[in-house]
Amino acid sequence: MTLSTSTLPDTAQDAPLNSLGFAKPPSQTRVVVAMSGGVDSSVVAAHLAAEGYDVIGVTLQLYDHGAALAKKGACCAGQDIHDARRVAERIGFPHYVLDYENKFRESVIEEFADAYLAGATPVPCIRCNERVKFRDLLETAKDLDADCMATGHYIRREMGPNGAELHMAADPHRDQSYFLFSTTPEQLAFLRFPLGGLASKAETRAMATQFGLSIADKPDSQDICFVPNGNYASVIEKLRPGSADPGEIVDLEGNVLGEHRGVIHYTIGQRRGLGIGGLGDPLYVVKLDPDARRVIVGPKEALKTKIVPVTEVNWLGDIPFEGEIALNVRIRSTRPPRPAILRATGKGRAEIELLDAEEGVSPGQACVFYEQDSTRVLGGGWISHRRGG
């Protein structure tokens, strides 16, 4: 079983290349592996070490569950660090733990709380990749004189005519391109994703067993790391006391239908848990107004939109980011890419016109761009607000 990385070199193309695309022996190629303590990154580290690379494992301590959840001794992050350290000890490569708690809180958690208070539905995993792993940790890897940094993400890095390209993973069920759209060309030149070409997670677990790793059967994490029980509201209430003040549930005409228990408990498209049954047709959350402490509900049809404004666009395409561009977009991680037209409206800004209206387009979510009839990721941006259509 072989892991794939980029197959073309970043250096002279007529020199012998190792599996990471460098024109030198693996033993002379230093790789920093970002180790979360899970199966994926552990397999990457073990496999590269087995190939003879100069591997350094680095685990980031990002949060303290005891502080996040106000529970003494509830530090699941500690178990992940322990698991990563055990893998490094078994395979025989150095491993370091870096305290990034302050950076993580400032760059990810604070914005997460503020976004929810503003009525958005944030995706903190993207901000973590963008601002912590692929920015701060990547710079640390360079300080360690690494030739590249490898992660356990399921995405492919392929060399194209104009340099490294980002592509969807071979396994569509594991593809993490939605969470990595903000990776810049400069970062992509330094990154490697060895798991992107595997057909399934079963292959990864088989390799973990082959290497004798104790975490071979460790379950995948299903929640945001600093919200391990999935209760976003409880974390936000602790970070922002008073954020769960009650308010009115109103229809599209402003008629009061009931009372809610805090805007932070609701998301666009939500149907269950509204507490306003017996009104005939089902009602869904179509808008959040945190300033007025109102949750606006309406019929399912009101959720549909064709126009999606995006900001902070990261463009990875070969053609200039201007005019109209036909592509596919994904507006939620669980949805497949759909045809759309991108219209650049300024630096880092665009308007996306979906060819078919979508439901549940939420501010704070990502809108990721893909090349038509291809697996290539063309970048993406952040949905700023909804417009009907």
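See the structure printed just above.
This text gives an overview of the structure that appears in the document. (Residues numbered from 1 in each chain as written. Predicted model: local features only at pLDDT ≥ 70, side-chain atom pairs only at ≥ 80, totals over all residues. Heavy atoms only, no water.)

1. Here we look at the packing of aromatic side chains
Line of reasoning, step 1. Within this structure, the stated rule accounts for 10 aromatic pairs.
Line of reasoning, step 2. With centroids separated by 5.3 Å and ring planes inclined at 65 degrees, the aromatic side chains of Phe 112 and Tyr 116 adopt a geometry described as edge-to-face. Within this pair, Phe 112 and its partner Tyr 116 are both found in helix α4 (residues 101-117), separated by four residues, close to a single helical turn. With respect to burial, Phe 112 and Tyr 116 carry one shared label: buried.
Line of reasoning, step 3. With a centroid separation of 5.4 Å and 80 degrees between ring planes, the pair formed by Tyr 178 and Phe 179 is classed as edge-to-face.
Line of reasoning, step 4. Owing to a relative accessible area of 2%, Tyr 178 belongs among the buried residues under this scheme.
Line of reasoning, step 5. Counting every residue linked through ring pairs, the aromatic cluster contains Phe 104, Phe 112, Tyr 116, Phe 226 and Tyr 232.
Line of reasoning, step 6. The residue whose ring lies beneath Lys 142 is Phe 190, and the NZ or CZ to ring-centre distance is 5.3 Å.
Line of reasoning, step 7. The ring of Tyr 154 has Arg 174 sitting right over it, with the charged end atom 5.2 Å from the ring centre. (Phe/Tyr/Trp six-rings, centres within 6.5 Å; stacked < 30°, edge-to-face > 60°. Helix = DSSP H or I, 4+ residues; strand = E, 2+ residues; numbered from the N terminus. Buried < 20%, exposed > 50% of the residue type's maximum accessible area, 1.4 Å probe, protein only. Lys NZ or Arg CZ within 6 Å of the ring centre and 35° of its normal.)

2. Brief notes about helix α1 (residues 39-50)
Line of reasoning, step 1. For α1, spanning 12 residues, the distance from its first C-alpha to its last is 16 Å, which sits close to the expected 16 Å at 1.5 Å a residue.
Line of reasoning, step 2. Of all 12 residues in α1, 10 are buried; the element is thus mostly enclosed.
Line of reasoning, step 3. Residues of α1 that are buried: Val 39, Asp 40, Ser 41, Ser 42, Val 43, Val 44, Ala 45, Ala 46, His 47 and Leu 48.
Line of reasoning, step 4. After α1 finishes, the residue Gly 52 shows a positive phi value of roughly 100 degrees. (Expected span 1.5 Å × (residues − 1).)

3. Here we look at the pairing of strand β8 (residues 247-250)
Line of reasoning, step 1. Pairing geometry for β8 and strand β9 (residues 256-260), over four bridges, is antiparallel. Directly across from Val 250, in β9, lies its bridge partner Val 256.
Line of reasoning, step 2. In this structure, the hairpin formed by β8 and β9 is closed by a connection of five residues, where Gly 254 is found at a positive phi of approximately 90 degrees.
Line of reasoning, step 3. In terms of strand pairing, β8 meets strand β11 (residues 294-298) through three bridges, oriented parallel. Among the inter-strand pairings, Ile 249 is bridged to a residue of β11, identified as Val 295. (Pairing = 2+ DSSP bridges.)

4. Considering the pattern of salt bridges
A pair can form between side chains of opposite charge whenever their charged atoms are brought close.
Line of reasoning, step 1. Inspection of the entire model under this criterion finds 28 salt bridges.
Line of reasoning, step 2. For Asp 54, the salt bridge is made with Arg 30, and the minimal N-O distance between the two is 2.9 Å. Taken together, the residues Asp 54 in strand β2 (residues 54-61) and Arg 30 in strand β1 (residues 30-34) connect sequence positions 24 residues apart.
Line of reasoning, step 3. On the basis of relative accessibility, which here comes to 26%, the residue Asp 54 falls in the partly exposed class.
Line of reasoning, step 4. A salt bridge links Arg 330 to Asp 175; its shortest N-O distance comes to 3.3 Å. In this pair, Arg 330 sits in strand β13 (residues 324-330) while Asp 175 sits in the loop between β6 (163-168) and α6 (185-190), placing the two residues 155 residues apart along the sequence. The burial state of Arg 330 is the same as that of Asp 175; both residues are buried. (Salt bridge = Lys/Arg side-chain N within 4 Å of Asp/Glu carboxyl O.)

5. Describing the sheet that holds β8
Line of reasoning, step 1. In space, the four strands of this open sheet follow the order β9-β8-β11-β10, with mixed pairing throughout. Single-partner strands in this sheet number two, and they are β9 and β10 (284-289). Strand-to-strand twist of the sheet, defined as the mean angle between neighbouring strand axes without regard to direction, takes the value 30 degrees.
Line of reasoning, step 2. Note that β10 and β11 share five bridges and pair antiparallel. For Val 285, the partnering residue across the bridge sits in β11 and is Val 297. (Axes fitted to C-alpha atoms, helices over the stretch in contact; angles between N-to-C directions.)

6. As for helix α5 (residues 124-143)
Line of reasoning, step 1. Its maximal kink placed at Leu 137, α5 deviates by approximately 25 degrees.
Line of reasoning, step 2. Within two residues after α5, Asp 145 carries a phi angle of roughly 60 degrees, on the positive side. (Bend = angle between axes of the 7 residues up to and from the residue.)

7. Overview of the packing of α1 against helix α7 (residues 201-210)
To characterise two packed helices, one gives the angle between the axes of the helices and the distance between these axes.
Line of reasoning, step 1. Between α1 and α7, the least distance of the axes is 9 Å, while the angle of their chain directions is 55 degrees. Compared by their axis directions, α1 and α7 come out oblique. In this structure, the crossing between α1 and α7 has a hand that is left-handed. Residues Val 39, Asp 40, Val 43 and His 47 of α1 touch α7, and the partners they reach there are Lys 201, Thr 204, Arg 205, Met 207 and Ala 208.
Line of reasoning, step 2. Partitioning the contact of α1 with α7 into residue classes produces four nonpolar, two polar and three charged. (Parallel < 35°, antiparallel > 145°, perpendicular 65-115°, else oblique. Left-handed = near helix turned anticlockwise from the far one by under 90°. Contact = heavy atoms within 4.5 Å. Nonpolar A, V, L, I, M, F, W, Y, C, P; charged D, E, K, R; others polar.)

8. A look at the sheet that holds strand β4 (residues 148-150)
What links the strands of a sheet is backbone hydrogen bonding, and the strands pair in either a parallel or an antiparallel sense.
Line of reasoning, step 1. Spatially, β3-β2-β1-β4-β7 is the arrangement adopted by the five strands of the open sheet, whose pairing is parallel. The open sheet is flanked by β3 (95-99) and β7 (191-192), the only strands paired with a single partner.
Line of reasoning, step 2. For β2 and β3, the ladder comprises five bridges, and the chain directions are parallel. What sits directly across from Leu 60, in β3, is Leu 98.
Line of reasoning, step 3. Where α1 meets the sheet, its contacts fall on β1, β2 and β4, and the angle it forms with β1 comes to roughly 165 degrees.

Geometric values such as these leave the question of function open.
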